Amino acid sequence: MSRLIRFFTKILDICKLVPMLPVVVIAAIPLALLGDWRPWGNAMAIPVLGNPGFGQWLVIALVLVIVIDTVRGMIDDLRHGQVGVDVLAVVAILSTVAVAEYWASWAVTLMITSGEAIEEYAQAKAERSLTALMEAAPQTAHVVNLPGVGRGFAADKGDSSDGFRRVGSASAAAAAHRFDTVPVEQVQLGDVLMVLPGETVPVDGELLSGTATLDLSNINGEPVPREVFAGARVMSGAVNGSTALTMRATQVAADSQYQRILELVASAQESRPAVVKTADRLAVPFTVLSLVIAGVAWAVSGVPTRFAQVLVLATPCPLLIAAPVAYIAGTGRLAAAGVLIKAQDVLENLGRVTQVFFDKTGTLTVKQPQVVRVEMLPGAATRLNEDHVLMMAGAVESYSVHILSKGIAKAGAEALAGLRQRFEDGQRLCPEPEASWPGHGREYPVVKNINEDAGKGVSGEVNGHAVRVGRLSFAAAGEDGFLAVGEAAPLSPRSGQLPLRGGAQQKDDLRTRFGLLQPDEMASYVSVDGRLIARIVLRDVPRANAKAVLAKLHELGVTELAMLTGDKRASANIIASEVGIDEVHAELFPEDKVAAVRAATGAGKTVTMMVGDGVNDAPVLAVADIGVAMTDGTSTAASESAQVVIMNDNIAAVPRAIAIARRTKRVMLQAVIAGLVLATIGMIAAAFDLIPVVVGAFLQEAIDVVSILWALTALIDRD
């Protein structure tokens, strides 16, 4: 029963989109029952038309309505620079009336109205992913009106002589419901907003609540909700978790992130790729060919009906509908894959890419250097292992803003999880008295007295131990700034320190004991309780899927993969060899990157793509035939200047976008060619009187349906 209800609901929706469709369908009843009924006798005989019956006059009226509407649409198309080729349908329907083939006239009217319905359905199907993005757009916002944070607070603080701020009765009344719900367009900069559980964040802002859990899948496709903390940027389009949050608006709705995404979607929907424009132009010679075949058939046979027989089979719909439907379907698939394009021409060019340039840091590699190993100082007496070192270093580095701090903090969190698991499994290797110190057995370490010395390192106390992380001279030195000497207890909180003359020689000896670093490696040194015990080695690490992605690009026929980076050549060559880059351009400034891409772009039939993520990539993204910006959903200069924006920060979207583009164009060509070939065969058969005019009208409708459904297969994921 529910399926039947859904079926009739869909039928009703289609009828709302094309109101003439049910009228045409119902008109078949009087045409069948009262087609030849003439209560007026011969009083209404008209030249050419003769004396139609009651049901036939209804069909003629429908024909006039549809012809007028079609001609109006053709004129509107011409005003917008598009060729109006519905002249075939107009001539076909008028010719069937002229030869008194009223059932054929009804069939053509049904063909036109049902064709509109099919087109609407196909467009809606193709745009489903894009429509979902638009429907998720925030519409309202809750502006907090509590005393002290409302809009009027900054203008009139209401200070009085007794030192207290007056709160009027109006403010007190407003505070009773805490916020006003307004259209999102009315949100002003600085407004404090409340986002209730499950609601969409209305504008970009800064989180005021201590913590919040946000679903960013609408923005960047990230499947797991992200936990953010006070002061974090909150993007419009994110869906709030299970608790209400408060935020301060830093952008109005028109400038917020989700609105930028919608602008990209709208520009892609409204644009017409060159191949679709070509299809429009091809419809003109097809129209001429159809009229020639119909005219020759009439002239040779001497039967006017033959003209109508041919034209009812002449359908330019594979060109006019199937081509744009296929491209909109491709655009929708890209959106579902987290890839937004700014125009449908980009979709066409994507399929022709022959050379791809990649930025290194943040594109081929992860965004921050990652820990690759921990080296314990040879000969250092300590009970700590690599996990302990990482846990302690990560605890203090989590308070630092240094470029290496995030990588060490991340590795420290992973090490802490391993230590915690071993503790839960019953492992107790820490001796007394250390086992009784603060932090042992706790879920998180106890951290105190954090101090960062800019450019040198960060120090603090972790579970009762003095920890220093940073440059070798900083980590090896004591609190008084001198290098430590002598044998001290390996875990005593305060080991002896003595001034050491010739400290540089001591530092060099320590570095030599660790061994040499590779050209692309960097290190932070760690001391615990005044004794240097280890160094943490970090490097730019290729994305886990980078090598497979580049191999896939070669499989897709991309002939050359190049790296453009400002990094040192030795480091660039190491990353290039690991991921499979063909050509390396290192130690470049932004203008050098522009020159390299511009030189390749102007070389013959090469179609270039540049993939980057940073602000310094913006100029080169604009120069390439296709600029691709990788982002996690935030708006940067790179994404502003690129034609393609990857919203989920996944490099695998690059070959996937190329594959989708190629399949989209292939499906479009198949749909167009198949439709035109079938229509041409049908017209030739009708010219030889092999297909009756009524049958031809229904056959033409079948050709349209086949062509459009074929175009919709661009939605199917076969890549």
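Above: the structure in question.
(A) Representation of the packing of helix 15 (residues 386-397) against helix 16 (residues 405-424) within the structure. The interhelical angle for the contact between helix 15 and helix 16, taken along N-to-C directions, is 130°, at an axis separation of 7 Å. Considered as vectors, helix 15 and helix 16 are oriented oblique to each other. The handedness of the crossing between helix 15 and helix 16 comes out as left-handed. On the side of helix 15, the interface is formed by Asp387, His388, Leu390, Met391, Ala393, Gly394 and Glu397, while helix 16 contributes Ser405, Ile408, Ala409, Ala411, Gly412, Ala415, Leu416, Leu419 and Arg422.

(B) Fine view of unusual backbone geometry. Although it is not a glycine, Ala100 adopts a positive phi angle of roughly 65°. Structurally, Ala100 can be placed in the loop between helix 4 (87-98) and helix 5 (102-126).

(C) Local environment of the pairing of strand 16 (residues 521-528). Most of strand 16 sits inside the fold, with six of its eight residues counted as buried. In this sheet, strand 16 lies alongside strand 15 (residues 465-470) in antiparallel orientation, the contact comprising four bridges. Paired with Gly470 across the strands is Tyr525, a residue of strand 16. Two strands pair when backbone bridges link them, and strand 16 and strand 17 (residues 531-539) are joined in this way by eight bridges, in the antiparallel orientation. Within the sheet, the bridge partner assigned to Ala523 lies in strand 17 and is Val537. Linking two consecutive strands that pair antiparallel, namely strand 16 and strand 17, is a turn of two residues; a positive phi of about 55° is found at Asp529 within it.

(D) Summary view of the packing of aromatic side chains. Tallied over the entire structure, the rule returns five aromatic pairs. Consider the rings of Trp106 and Phe698, whose centres lie 6.2 Å apart with planes at 55°: the pair is tilted. Within this pair, whereas Trp106 is found in helix 5, its partner Phe698 is found in helix 25 (residues 693-712), the two being separated by 592 residues in sequence. Looking at Trp106, the relative accessible area reads 9%, which means it is buried. Here Phe698 falls in the partly exposed class, since its relative accessible area comes to 40%.

(E) Local environment of the pairing of strand 9 (residues 245-249). Only one face of strand 9 is covered, namely the one carrying Leu245, Met247 and Ala249; the face carrying Thr246 and Arg248 has none of its residues buried. Inspection of the sheet shows strand 3 (residues 192-195) paired to strand 9 by four bridges, in the antiparallel sense. Considered in strand 9, the bridge of Leu193 is made with Met247. When strand 4 (residues 205-207) meets strand 9, the two strands line up antiparallel, connected through three bridges. Paired with Gly205 across the bridge in strand 9 is Ala249.

(F) Fine view of the nonpolar core. Leu350, Phe358, Ile581 and Met609 are the most contacted members of the largest nonpolar core, which has 74 residues in total. Ranked by residues supplied to this core, first place goes to helix 24 (residues 653-687) with 16 residues. Beyond its immediate stretch of four places on either side in the chain, Ile581 contacts Phe358, Leu364, Leu550, Leu561, Ala562, Met563 and Ala576. Counting 30 residues, the second-largest nonpolar core is a separate cluster that includes Val18, Leu21, Ile93 and Met111.

(G) Layout of helix 25. Between its first and last C-alpha atoms helix 25 spans 29 Å; for 20 residues at 1.5 Å apiece the expected length is 28 Å, and the two agree. Along helix 25, the residues classified as buried are Val693, Gly696, Ala697, Gln700, Glu701, Ile703, Asp704, Ser707, Ile708, Ala711 and Leu712.

(H) Molecular detail of the sheet that holds strand 18 (residues 560-564). With mixed pairing, seven strands are arranged side by side in an open sheet as 10-22-21-20-11-18-19. If you trace the sheet from one side to the other, it starts and ends with strand 10 (339-341) and strand 19 (583-585), each paired once. Averaged over all pairs of adjacent strands, the angle between strand axes in this sheet comes to 20°, irrespective of strand direction. Of the strands in this sheet, strand 11 (355-359), strand 18 and strand 20 (608-612) touch helix 21 (residues 590-601), which is tilted by about 170° from strand 11.

(I) Structural view of the side chain of Thr96. Following the sequence through the fold, Thr96 ends up in helix 4. Apart from the residues lying within four places of it in its own chain, the contact partners of Thr96 are Glu101, Ala104, Ser105, Ala308, Val312 and Val693.

Rules used throughout
- Residues numbered from 1 in each chain as written.
- Predicted model: local features only at pLDDT ≥ 70, side-chain atom pairs only at ≥ 80, totals over all residues.
- Heavy atoms only, no water.
- Axes fitted to C-alpha atoms, helices over the stretch in contact; angles between N-to-C directions.
- Helix = DSSP H or I, 4+ residues; strand = E, 2+ residues; numbered from the N terminus.
- Parallel < 35°, antiparallel > 145°, perpendicular 65-115°, else oblique.
- Left-handed = near helix turned anticlockwise from the far one by under 90°.
- Contact = heavy atoms within 4.5 Å.
- Buried < 20%, exposed > 50% of the residue type's maximum accessible area, 1.4 Å probe, protein only.
- Pairing = 2+ DSSP bridges.
- Phe/Tyr/Trp six-rings, centres within 6.5 Å; stacked < 30°, edge-to-face > 60°.
- Core = buried A, V, L, I, M, F, W, Y, C linked by side-chain atoms within 4.5 Å.
- Expected span 1.5 Å × (residues − 1).

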